[in-house]
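If you want the building blocks of each chain, they are given just below.
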Amino acid sequence: MRIYDIIKKKRDGFELSREEIEFFIKGYVDDSIYDYQASALCMAIFFKGMTEKETAYLTLAMANSGDTVDLSRFGDKTVDKHSTGGVGDKTTLIVAPIVTSLGCVMAKMSGRGLGHTGGTVDKLESIKGFNVELTPEEFFSQVEKNGVAVVGQSGNLTPADKKLYALRDVTATVDSIPLIASSIMSKKLAAGSHTIVLDVKYGSGAFMKTAEEAEVLATEMVKIGKNCGRNMAAVITNMERPLGKNIGNSLEVIEAIEVLKGNGPEDLKEVCLALASQIVSLCEKISESEARVLCEDALASGKALEKFKEWIASQGGDSSWIENTDLFPKAKYKFEIKAENDGYISKMDAESIGIASVILGAGRETKEDTIDMSAGIVLNKKTGDRIAKGDNLATLYTCNETSFNSAKEKYLSALKFSENSISEKALIFGIIK
Ligand code: URA
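Residues numbered from 1 in each chain as written. Predicted model: local features only at pLDDT ≥ 70, side-chain atom pairs only at ≥ 80, totals over all residues. Heavy atoms only, no water.

Caption draft 1: Structural view of the sheet that holds strand β8 (residues 343–348). Reading across from one edge, β10-β8-β12 is the order of the three strands in this open sheet, with antiparallel pairing throughout. Where the open sheet ends on each side, the last strands, each with one partner, are β10 (386–387) and β12 (415–418). Note: β8 against β12, four bridges, orientation antiparallel. Considered in β12, the bridge of Tyr344 is made with Ser418. (Pairing = 2+ DSSP bridges. Helix = DSSP H or I, 4+ residues; strand = E, 2+ residues; numbered from the N terminus.)

Caption draft 2: Region of interest: empty space enclosed by the protein. Taken as a whole and judged by the stated rule, the model has one cavity of 30 Å³ or more. Thr117, Gly118, Glu252, Ser357 and Ala362 are, among the 20 residues lining the largest cavity, the residues nearest its centre. Sorting the residues of the lining of the largest cavity by element identifies α6 (120–125), α11 (249–260) and α16 (350–359) as the ones contributing at least two each. (1 Å grid on protein atoms, 1.4 Å probe; cavity = no way out; pocket = protein on both sides within 12 Å on 5 of 7 lines; lining within 4 Å. Points joined across faces, edges and corners; volume = space filled by probe spheres on them.)

Caption draft 3: Up close: the pattern of salt bridges. Applying the stated criterion to the full structure yields 34 salt bridges. One salt bridge in this structure joins Lys9 and Glu20, with 2.9 Å as the shortest N-O distance. Here Lys9 is found in helix α1 (residues 3–11), whereas its partner Glu20 is found in helix α2 (residues 18–29), with eleven residues between them in sequence. Looking at Lys9, the relative accessible area reads 26%, which means it is partly exposed. (Salt bridge = Lys/Arg side-chain N within 4 Å of Asp/Glu carboxyl O. Buried < 20%, exposed > 50% of the residue type's maximum accessible area, 1.4 Å probe, protein only.)

Caption draft 4: Main features of the site of the ligand. If you check the shell around the ligand, you find Tyr165, Arg168, Ile180, Ser183, Ile184, Lys187 and Phe207 and nothing else. Contact between the ligand and Arg168: an oxygen atom at 2.9 Å from a side-chain N or O atom of the residue. Between the ligand and Ser183 there is a distance of 2.6 Å, counted from a nitrogen atom to a side-chain nitrogen or oxygen. In isolation the ligand has 240 Å² of accessible area, and contact with the protein removes 90% of it. Broken down by secondary-structure element, the contributors of at least two residues to the shell around the ligand are α8 (159–169) and α9 (177–190). A per-element tally of the shell around the ligand places α9 first, with four residues. (Near = heavy atom within 4 Å. Polar contact = N/O pair within 3.5 Å; in protein donor to acceptor, adjacent residues only side chain to side chain. Areas by Shrake-Rupley, 256 points an atom, 1.4 Å probe, with all protein chains shown as cover.)

Caption draft 5: Structural context of the sheet that holds strand β9 (residues 376–379). Here we have four strands laid out as an open sheet, ordered β6-β9-β11-β7, and antiparallel in their pairing. Two strands close off the open sheet at either side, each with one partner strand: β6 (246–247) and β7 (333–338).

Caption draft 6: Quick look at the domain arrangement of the protein chain. Each assigned domain of the protein chain is listed with its residue range as follows: domain 1 (3–49), domain 2 (72–323) and domain 3 (329–418). Computed from C-alpha atoms alone, the centre-to-centre distance between domain 2 and domain 3 is 25 Å. Listed per partner, the contact involves 27 residues of domain 2 and 26 residues of domain 3. When domain 2 packs against domain 3, the two sides together hide about 2,000 Å² of surface, and 58% of this comes from carbon and sulfur. Together, His116, Lys245 and Ile247 form the three largest contributors to the area buried by domain 2 at its contact with domain 3, with a combined 24%. On inspection of domain 2 and its partner domain 3, the count reaches three salt bridges. The interface formed by domain 2 and domain 3 includes nine residue pairs in polar contact (both at pLDDT 80 or more). For the side of domain 2 that touches domain 3, a count of residues per class yields eight nonpolar, eleven polar and eight charged. (Domains from an automatic or database assignment. Contact = heavy atoms within 4.5 Å. Buried area = accessible area lost by both parts, 1.4 Å probe. Nonpolar A, V, L, I, M, F, W, Y, C, P; charged D, E, K, R; others polar.)

Caption draft 7: Geometry of the packing of α2 against α8. Running from amino to carboxyl end, α2 crosses α8 at an angle of 85 degrees, the nearest separation of the two axes being 9 Å. When the axis of α2 is compared with that of α8, the two are roughly perpendicular. Of the residues in α8, those in contact with Phe24, Ile25, Tyr28 and Val29 of α2 are Ala160, Lys163, Leu164 and Leu167. (Axes fitted to C-alpha atoms, helices over the stretch in contact; angles between N-to-C directions. Parallel < 35°, antiparallel > 145°, perpendicular 65-115°, else oblique.)

This is the structure we're talking about:
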């Protein structure tokens, strides 16, 4: 077999066989296929697409290109969730305790933030003492004891995806549905959970700019997972504006705790309940409406909050910070952005708001950057809200006073105003099963 023939076959629009796809992935990982050949094939896939079969073979080849996690000792109750990335997305911190307080088992690997989107692992590390680097033995023993553990990605999981994703990033081949679907699903399959629920976001702060594109991606990923014997669902959610009010690591943890205490913003609570209900329904084999009642009760009764405290303490976190969120260190400086006119906010560009929070120190522009855990933005007004001249639109927090001007400029560039009220798109566009 020759990689040249495989590239040419895809370039001419023909379907690749399982053997050809496996040959490509194996060769790319062992360096016998070069970057320029892999780039040419990715570009051919970008233009010609892939059939359902080809996408499934590519996903499996990448999933099996390195280590895989064996969660079989926990039976069929293992669950995972994945978000395609957004701004202010702290849903794992709420969904994990809800579903594990109801008997699901979550042994999860999460990522760090890069660019305008945050990462769960960084958020968890803003809690004093919380350890995201458990040995495999510690990880499994936490899951055994508490039904939940969340750690950073370690080991040699999906090396093919790591290499290919880095290549796609610099060859303008990221935004291809079969390449995104196989990239995400290879990692989820390798991570071993039986039930996988995806939060596929659309809008300015997301990969998929429209709900229709997100639906195509979600449908593709659900099909792949089902064909590999997993319970699957995808919730398509709105990322036209950030989720909740708080952006930034400790600010987002504090907001998640607020939701677990029965408060917090409605949009955040609603997305969490939608995701948790899908997980519980698939895991416990009950209807969505029965699952929803259980999830709402876990929140209202404080059961999920208790689970959260247990989980945080078991990974070394100081649970007194959950009782009293004033213990989270505060940013040295704060700055309010005021409205200059009366009217309504008609649009918020979530990506620019994410970048404004990175400027304040809440995220990384490169993998090597360090994070200011206390930095970020609290949105006091969101899309659709009526504003009066002088109202506080948002409060910026940072330990680096010199970042305020450019963060403010970036933040204001994200907003559009109108004189009249506007109607908002639905928070949840649909559910694919
Ligand atoms: N996220 C991934 O993990 N892979 C992609 O290709 C795109 C987003």
